[in-house]
Amino acid sequence: MTGDIKTIKINSRDNVAVMLDGELAGHKIALRDIKDGEDIIKYGYSIGRAVGDIKKGDHVHIHNVKTNLSGAMSYKYEPVHYELPKCTDRTFRGYVREDGSVGIRNEIWIVNTVGCVNKTSELLAREAMKKYGSECGGIYNFVHPFGCSQLGDDQKTTQAVLKGLVNNPNAAGVLVLGLGCENNNIPVFREVLGDVNGDRVKFLSTQDHDDEIEAGLEAIGELVGYSKRFEREERPLSDLTVGLKCGGSDGFSGLTANPLIGRVSDMLVSSGASTILTEVPEMFGAETILMNRAKDEEVFEKVVRLINDFKDYFERHGQTVYENPSPGNKKGGITTLEDKSLGCVQKAGSADVADVIEIGESVERRGLNLLTGPGNDIVAVTNLTASGANMILFSTGRGTPVGAPVPTVKISTNSGLYERKPHWIDFNAGPVIDGDDMTEELLDYIISVANGEQTNNERHGYREISIFKDGVVL
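Residues numbered from 1 in each chain as written. Predicted model: local features only at pLDDT ≥ 70, side-chain atom pairs only at ≥ 80, totals over all residues. Heavy atoms only, no water.

Moving on, we come to the packing of helix α2 (residues 152–167) against helix α10 (residues 377–386). Where α2 contacts α10, the axes come no closer than 7 Å and their chain directions differ by 55 degrees. In terms of axis orientation, α2 runs oblique to α10. On the side of α2, the interface is formed by V161, G164 and L165, while α10 contributes T382, N383, T385 and A386. (Axes fitted to C-alpha atoms, helices over the stretch in contact; angles between N-to-C directions. Helix = DSSP H or I, 4+ residues; strand = E, 2+ residues; numbered from the N terminus. Parallel < 35°, antiparallel > 145°, perpendicular 65-115°, else oblique. Contact = heavy atoms within 4.5 Å.)

What follows concerns the packing of α2 against helix α3 (residues 186–193). Two elements in contact, α2 and α3, have axes whose closest approach is 10 Å; the angle formed by their N-to-C orientations is 70 degrees. Taken together, the axes of α2 and α3 are roughly perpendicular relative to one another. Where α2 approaches α3, its residues Q159, L162, K163 and V166 are matched on the opposing element by V188, F189, V192 and L193. Split into classes, the residues belonging to the contact of α2 with α3 amount to six nonpolar, one polar and one charged. (Nonpolar A, V, L, I, M, F, W, Y, C, P; charged D, E, K, R; others polar.)

In this section: the environment of V409. Topologically, V409 is positioned in strand β20 (residues 408–412). Distance from V409 to M391, taken between C-alpha atoms, is 7.4 Å for residues 18 residues apart in sequence. Setting aside chain neighbours within four positions, we find V409 in contact with M391, I392, L393, F394, D426, Y445, V449 and T455.

Before going further, it helps to spend a moment on the sheet that holds strand β18 (residues 368–371). Backbone hydrogen bonds are what pair the strands of a sheet, in a parallel or an antiparallel way. The seven strands are arranged β17-β18-β16-β15-β19-β20-β21 in an open sheet whose pairing can be described as parallel. Of all strands in the sheet, those with a lone pairing partner are β17 (353–357) and β21 (427–428), marking the two edges. As defined by bridge partners, β20 adjoins β21 across two bridges and the pair is classed as parallel. Bridged to S412 within β21 is N428. (Pairing = 2+ DSSP bridges.)

Turning to a negative patch on the surface, a few remarks are in order. On the surface, D309, D312, E315, E358, E361 and E364 cluster together into a negatively charged patch. Looking at where E358 falls in the secondary structure, it is placed in the loop between β17 and β18. The class for E358 is partly exposed, based on a relative accessible area of 44%. (Patch = residues over 30% accessible without salt bridge, like charges linked within 9 Å, V, L, I, M, F, W, Y side chains within 5 Å. Areas by Shrake-Rupley, 256 points an atom, 1.4 Å probe, with all protein chains shown as cover. Salt bridge = Lys/Arg side-chain N within 4 Å of Asp/Glu carboxyl O. Lys, Arg positive; Asp, Glu negative; His and termini not counted. Charge placed at Lys NZ, Arg CZ, Asp CG, Glu CD. Buried < 20%, exposed > 50% of the residue type's maximum accessible area, 1.4 Å probe, protein only.)

Moving on: the packing of aromatic side chains. The geometry of an aromatic ring pair is captured by the separation of the ring centres together with the interplanar angle, meaning the angle of the planes. Tallying each qualifying case throughout the model produces ten aromatic pairs. A ring pair is formed by W109 and F142, whose centres lie 5.2 Å apart and whose planes are at 85 degrees; its orientation type is edge-to-face. Note that W109 is positioned in strand β10 (residues 107–112) and F142 in strand β11 (residues 139–142), a separation of 33 residues in sequence. What makes W109 buried here is its relative accessible area of 0%. Arranged with centres 5.3 Å apart and planes meeting at 80 degrees, the rings of Y226 and F230 form a pair that is edge-to-face. (Phe/Tyr/Trp six-rings, centres within 6.5 Å; stacked < 30°, edge-to-face > 60°.)

Before going further, it helps to spend a moment on the pairing of β17. The buried count for β17 comes to five of five residues, which makes it a mostly enclosed element. Where β17 and β18 come together, four bridges link them in parallel fashion. When the bridges of β18 are listed, V356 appears paired with L370.

Let us look at unusual backbone geometry. Positive phi outside glycine occurs at Y43, with the angle close to 60 degrees. Summarising the element assignment, Y43 is placed in the loop between β4 (39–42) and β5 (45–50). In this model, S149 sits at a positive phi of 65 degrees, which is unusual for a non-glycine residue. Secondary-structure assignment places S149 in the loop between β11 and α2.

So this is what it looks like as structure tokens:
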């Protein structure tokens, strides 16, 4: 306690504590006098340096703290490996696809090659749901503005994301819907896709049909028929791929929900499953923690490139790498990017980093994978889905309704948000602040979602995508 304010000191080395109540709940308070230029220590690491002298008991935030981050750096591999919890023999009931992948939903997805057919896909999904919705897990479309007038790597990124969506095992069948004259037209996109199962993936170029809605409904009818081949089967947890994400973070994110997600990630990894951590800018300042957990030197070098390449991306656009905590983050008590990152990476638990993958690439090595991409919520959940995530664990302190094409488990960092937004939040991690472990409870909920229990984003239709863009539009 500091005065009448309840606080928590996270690490014995810290010189700040986090206030747990009052108007500044989630914000930091100085535990001792801190001199101008001295490091502010939270989570046992520096989150920046003092700007001016800070007195014991002072509020420590953006008015008196500055980041220590700069541009690209050199790193040394100093491996650290932790013992994970004992694996669990828990199972779930999933859909085994013909290629051996396992989905937790049996849906039909409409994937657009180009933004020009967005409204067509919306109409088609609506009409198909009326006609076939009761015969499958649902028919859904995902709009985006790209697929034409893009050049070079920018178009390749769009194609990689769309390919990943087509291949996600939660989709029993996919209709690839195009216009006909776009850069990413169906013949071009088929080359990107490679060999596909013609029963599972259908193609429709709307310029080629007098009545594209009628033709689309016919194709979807065939996909629905194909989806009926699949029934839920008991499967080990090792068949799951789970994305890890945070958004609308606050000062409690690194105290409750993110460490909880990290513990569950470790349980999944120890059981042979795969988890995926993305949001590269939110690794800046905490990257050495992940680098030193690389399973070998090859993966270490991949993590170094992941970090420095994204810093280069910032600098190419004339942006400073530390300009990341959003206004909402700052209002919630997050001061610097280091502060945010040290809380963010806790979602990765203690597991070795098995691999680093690019946007649109699928997991090849089971375990904890790092995925390139920005922290933007909709872009990040899209990238996780395109890399094969069956579901996404999404922690939030301030709340957000956004959802991915796959079940997006919203985990509140505080009980107040859970009570105010029951239509957004699926699981409350607030009690962790009082010492409740909650690992088994969250694992139970994950299994129930894998078995078919709908999350709020599914119930309320929050299924969105946004594709990462870094290039010229003609």
